[in-house]
Amino acid sequence: LTGVIPSQLGQLPNLEILFLSFNILNGHIPSQLGELTMLRQLHLHENELTGVIPSQLGELHKLEVLMLYRNDLNGRITSHLGDLTMLRQ
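In this text, all values refer to a predicted model and were calculated from it rather than measured experimentally.

Draft legend 1. Structural view of the overall build of the protein chain. Scanning the protein chain for helices and strands turns up 0 helices and 7 strands. The order of helices and strands in the protein chain, counted from the N terminus, is β-β-β-β-β-β-β. Compactness check: the protein chain gives a C-alpha radius of gyration of 12 Å against a globular reference of 12 Å for 89 residues, within 12% of the reference. The C-alpha extent of the protein chain, read off along each of the three principal axes, is 30 × 25 × 20 Å. Among the 89 residues that make up the protein chain, the fraction classed as buried is 42%.

Okay, structure coming up:
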């Protein structure tokens, strides 16, 4: 896959796993992903994503796996990720 991650993915409230790794996705991580309240796994590693990690990801209280490595993300890691008590990876 190429291009940006569509912000409309945030309109899938029952989504539990989002695996978009090993593609050529670019642009920012949409803040709307923070609306995926049932999400348990978010895999965005090995892309060309840029910008900061949205603080809205700290709203994903069921998130167990967050994979963002091998992108071009920058800035500080939001302290809101510390609210993810289920996170194990």
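Draft legend 2. View of the nonpolar core. One finds Leu-33, Leu-42 and Leu-44 to be the most contacted residues of the largest nonpolar core, which totals 20 residues. Once residues lying within four places of it in the same chain are set aside, the contact partners of Leu-33 are Leu-9, Leu-18, Leu-42, Leu-44, Leu-57 and Leu-60.

Draft legend 3. Structural context of the side chain of His-45. Within the secondary structure, His-45 sits in the loop between strand 4 (41-43) and strand 5 (48-51). A distance of 2.8 Å separates the side chain of His-45 from the side chain of Ser-21, its partner in a polar contact. Those residues in contact with His-45 that lie beyond four places of it in its chain are Phe-19, Ser-21, Phe-22, Met-67, Leu-68, Tyr-69 and Asn-71.

Draft legend 4. Here's a closer look at the environment of Leu-12. Here Leu-12 shows up in the loop between strand 1 (2-4) and strand 2 (17-19). Taking the C-alpha atoms as reference points, Leu-12 and Glu-35, 23 residues apart in sequence, are found 8.4 Å from one another.

Draft legend 5. The sheet that holds strand 6 (residues 65-67), seen in detail. On the basis of which strands lie adjacent, the open sheet formed by 3 strands has the order 2-4-6 and parallel pairing. On the outer flanks of this sheet lie strand 2 and strand 6, each paired with one strand and no other. Adjacent strand axes in the sheet meet at a mean angle of 10 degrees, parallel and antiparallel pairs treated alike.

Draft legend 6. Spotlight on the pattern of salt bridges. All chains considered together, the criterion is met by 3 salt bridges. Between Arg-70 and Glu-46 there is a salt bridge, with the nearest N and O atoms lying 3.3 Å from each other. Of this pair, Arg-70 sits in the loop between strand 6 and strand 7 (72-73) while Glu-46 sits in the loop between strand 4 and strand 5, and the two are 24 residues apart along the sequence. Take Glu-46: its relative accessible area is 24%, and that puts it in the partly exposed class.

What counts and how
- Residues numbered from 1 in each chain as written.
- Predicted model: local features only at pLDDT ≥ 70, side-chain atom pairs only at ≥ 80, totals over all residues.
- Heavy atoms only, no water.
- Helix = DSSP H or I, 4+ residues; strand = E, 2+ residues; numbered from the N terminus.
- Rg over C-alpha atoms; globule rule 2.2 N^0.38 Å.
- Buried < 20%, exposed > 50% of the residue type's maximum accessible area, 1.4 Å probe, protein only.
- Core = buried A, V, L, I, M, F, W, Y, C linked by side-chain atoms within 4.5 Å.
- Contact = heavy atoms within 4.5 Å.
- Polar contact = N/O pair within 3.5 Å; in protein donor to acceptor, adjacent residues only side chain to side chain.
- Pairing = 2+ DSSP bridges.
- Axes fitted to C-alpha atoms, helices over the stretch in contact; angles between N-to-C directions.
- Salt bridge = Lys/Arg side-chain N within 4 Å of Asp/Glu carboxyl O.

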